[in-house]
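Structural overview for review
The residues making up each chain are set out below.
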Amino acid sequence: MKTIYFEKDIPRILATKAAAKVCKPLLFTSLNAVKYRDNLPDPPLPAGDWVRVKNIACGLCGTDVSFFKATTGTNSALEPIPGSARTYLGHENVGVVTEVGSQVTELQVGDRVTIRAYMAGCDSKGISPRCPYCEAGDYNFCLNYGAPSPYPGLTNTGAGWSDSFIYPARGLAKVYDGITDEQAVMVEPSCVSVHSVLCDRPKAGEKILIMGCGTIGLGIVQALKIVQPDCEVWAMVRSKNKQELAKKLGADHIFVGDPYEQTVKATGGSEIYKGMAGNRYFFGGFDRIYDCIGGDWANHTAVRLLKARGTLMKVGHHMNAISFDETPVWWQELRLIGVDAHGMETWEGRKLYTFDLVQEWIRDGKYTVDGFVTHHFKLEDYKKAMKLAMSGAPDVIKIVLDCQ
Ligand SMILES: [Zn+2]
Ligand SMILES: [Zn+2]
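Reading guide: rules and limits
Residues numbered from 1 in each chain as written. Chains lettered and ligands numbered in written order. Predicted model: local features only at pLDDT ≥ 70, side-chain atom pairs only at ≥ 80, totals over all residues. Heavy atoms only, no water. Helix = DSSP H or I, 4+ residues; strand = E, 2+ residues; numbered from the N terminus. Rg over C-alpha atoms; globule rule 2.2 N^0.38 Å. Buried < 20%, exposed > 50% of the residue type's maximum accessible area, 1.4 Å probe, protein only. Areas by Shrake-Rupley, 256 points an atom, 1.4 Å probe, with all protein chains shown as cover. Lys, Arg positive; Asp, Glu negative; His and termini not counted. Charge placed at Lys NZ, Arg CZ, Asp CG, Glu CD. Donors = N, O, S within 2.8 Å, 3.2 Å for Na, K, Ca; no water. Tetrahedral: all angles 85-135°; square planar, octahedral: opposite > 155°, others 65-115°. Phe/Tyr/Trp six-rings, centres within 6.5 Å; stacked < 30°, edge-to-face > 60°. Lys NZ or Arg CZ within 6 Å of the ring centre and 35° of its normal. Contact = heavy atoms within 4.5 Å. Patch = residues over 30% accessible without salt bridge, like charges linked within 9 Å, V, L, I, M, F, W, Y side chains within 5 Å. Salt bridge = Lys/Arg side-chain N within 4 Å of Asp/Glu carboxyl O. Domains from an automatic or database assignment. Buried area = accessible area lost by both parts, 1.4 Å probe. Polar contact = N/O pair within 3.5 Å; in protein donor to acceptor, adjacent residues only side chain to side chain. Expected span 1.5 Å × (residues − 1).

Right, let's talk about the overall build of the protein for a bit. A count of helical and extended segments in the protein gives 13 helices and 20 strands. The globule rule puts the C-alpha radius of gyration for 404 residues at 22 Å, and the 21 Å found for the protein is close to it. Each of the three principal axes of the protein carries a C-alpha extent, and together these read 65 × 50 × 40 Å. By the burial criterion, 54% of the 404 residues in the protein qualify as buried. In the structure as shown, the protein presents an accessible area of about 17600 Å², 54% of it carried by carbon and sulfur atoms. Treating the 45 positive side-chain charges of the protein as one cloud and the 45 negative ones as another, the clouds have centres 4 Å apart.

Right under this line is the structure:
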């Protein structure tokens, strides 16, 4: 098996963290806790409900970059949760089932699949019985996130950034006929965008700002126009090509320049008041903001650009404690809603996995991912892909690794 994983090796993790802070070139050397191996033995399926997948391609996501930079802070809620010895990178994949266990009924050899439950839990570890959340399809809230694997000797599972991998069948979603391989790698990130909109639906007439229009923000533009066509969408994005794409996908306005002045102009807010140290505040603002950036500046700014009882949807996040001025939160009775990946949705009277809804929308031409994949690299060239992802180059939307 050719594969890439994050090794739970404390000195190496500390070295990776230090390199990410003070000497980025060191990240691309052998000291990084993320390792490439081209000779791991392919393990037998550990149980009858597992399958083997030959991978075609897999996207690069912010989560993979966080492993590469070992960014999870010692103050993050994630940090005390015991992880496995190896975390295999890549979850935005498309592959073909090559072997099925004796109890698998939902998949057959030859089916194309993508990973649905990547986060550690019942459906990625093969825990039975599943916890009540996973049983209901809300695997993003799994109670067994920190539970040990039922197969402790099983370390070489692989994942999206591998030429093949093994997985519990119920942690995978079948790729629909009519969806191309390139569209299939975009299904998972599109699920994040669609779930962000469906987990707290905007009301008619809302003025909405999307902060940060990469893959997820651009998807939110589209999802908003499907779920609530009667809303006005501003897209905060610097690069020209993403501005154009945002407009093509339904954004009503591009939000550039000073965020306070622009918000007052867009929403009819009050005068902007300025404090002694340049601190600014005004009254009024957007009904809803999707923060796809995360971190200190984005949180500090977003809560100030919302009107009274406005809603901040926290989509982008850093796995670190941050600090921001919470005054607008209580003063204006703001709502803060976190968004974690995807799970189950209710749409037009049906309850279904986000993965099924998104695939229907892509297949039926309601939602597009055309133009999102901008770069391809070979699996073994993952460091080049990481370098490009971390460069902030304006033309990058989705980078894909070809796995064979
Ligand atoms: Zn992702
Ligand atoms: Zn669970």
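All right, on to the coordination of the zinc ion (ligand 2) then. Around the zinc ion (ligand 2), the protein supplies C122 (SG), C131 (SG), C134 (SG) and C142 (SG) as donor atoms, at distances of 2.3 to 2.4 Å. For the zinc ion (ligand 2), the 4 donor atoms in the first shell make angles of 102 to 117° at the metal, a pattern classed as tetrahedral. Site description for the zinc ion (ligand 2): donor spacing in sequence, C-x8-C-x2-C-x7-C. C131 gets classed as buried once you look at its relative accessible area, which sits at 6%.

All told, the structure shown has 19 aromatic pairs when counted by the stated rule. Ring geometry for Y281 against W331: centres 5.4 Å apart, planes inclined by 15°, an arrangement best described as stacked. Within this pair, whereas Y281 is found in strand β13 (residues 280-281), its partner W331 is found in helix α11 (residues 327-331), the two being separated by 50 residues in sequence. Since its relative accessible area comes to 43%, W331 is described here as partly exposed. Measuring from ring centre to ring centre gives 6.5 Å for W330 and W331, while their planes differ by 35°; the resulting arrangement is tilted. For W330, a relative accessible area of 58% puts it in the exposed group. Its guanidinium or amino end placed over the ring of Y5, R86 lies 4.3 Å from that ring's centre, counting from NZ or CZ. Above the plane of the ring of F28 lies K387, whose end atom (NZ or CZ) is 4.7 Å from the centre.

Taken together, the protein ligands of the zinc ion (ligand 1) are C61 (SG), H91 (NE2) and E92 (OE), with distances of 2.2 to 2.6 Å. Mapping the donors of the zinc ion (ligand 1) onto the primary sequence gives the spacing C-x29-H-E. Of this pair, C61 sits in the loop between β3 (50-59) and α2 (62-69) while E92 sits in strand β5 (residues 92-100), placing them 31 residues apart in sequence. The class for C61 is buried, based on a relative accessible area of 16%.

What follows deals with the side chain of Q332. Looking at the element boundaries, Q332 is found in the loop between α11 and β16 (335-338). When its relative accessible area of 13% is taken as the criterion, Q332 is described as buried. Discounting residues that sit within four places of it in the chain, Q332 has contacts with Y281, F283, A308 and R309.

Moving on: a nonpolar patch on the surface. Taken together, the side chains of Y273, F283, W330 and W331 define a hydrophobic patch exposed on the protein surface, amounting to about 480 Å² of accessible area. Examined against the element boundaries, W330 turns out to sit in helix α11.

Moving on, we get to the pattern of salt bridges. Pairs can form between side chains of opposite charge whenever their charged atoms are close. Enumeration over the complete set of coordinates arrives at 21 salt bridges. Of the charged contacts in the structure, one is a salt bridge between D258 and R280, with a shortest N-O distance of 2.7 Å. A residue pair is termed long-range when its members are at least 10 positions apart, and D258 in the loop between β11 (253-254) and α9 (259-267) and R280 in strand β13 qualify at 22 residues. Residue D258 is classed as partly exposed on the basis of its relative accessible area of 22%. Look at R280 and you get partly exposed, because its relative accessible area is 22%. Linking D287 and K307 is a salt bridge whose minimum nitrogen-to-oxygen distance equals 2.9 Å. Of the two residues, D287 is situated in strand β14 (residues 286-291) and K307 in strand β15 (residues 306-314); the sequence distance between them amounts to 20 residues. With relative accessibility at 34%, the residue K307 sits in the partly exposed group. In the salt-bridge network here, residues are joined through shared partners; they are D123, R130, E135 and R170.

This brings us to the domain arrangement of the protein. Partitioning the protein into domains gives domain 1 (3-188 + 351-402) and domain 2 (200-338). Every contact between the two is made by 19 residues of domain 1 and, on the other side, 15 residues of domain 2. Interface area lost by domain 1 to domain 2 is led by Y367, F372 and I397, which between them contribute 33%. Summed over the shared surface of domain 1 and domain 2, the result is 7 residue pairs in polar contact (both at pLDDT 80 or more).

On to helix α6 (residues 187-198). Here α6 spans 16 Å end to end across 12 residues, near enough to the 16 Å set by a 1.5 Å rise per residue. Most of α6 sits inside the fold, with 12 of its 12 residues counted as buried. Of the residues making up α6, those classed as buried are V187, E188, P189, S190, C191, V192, S193, V194, H195, S196, V197 and L198.

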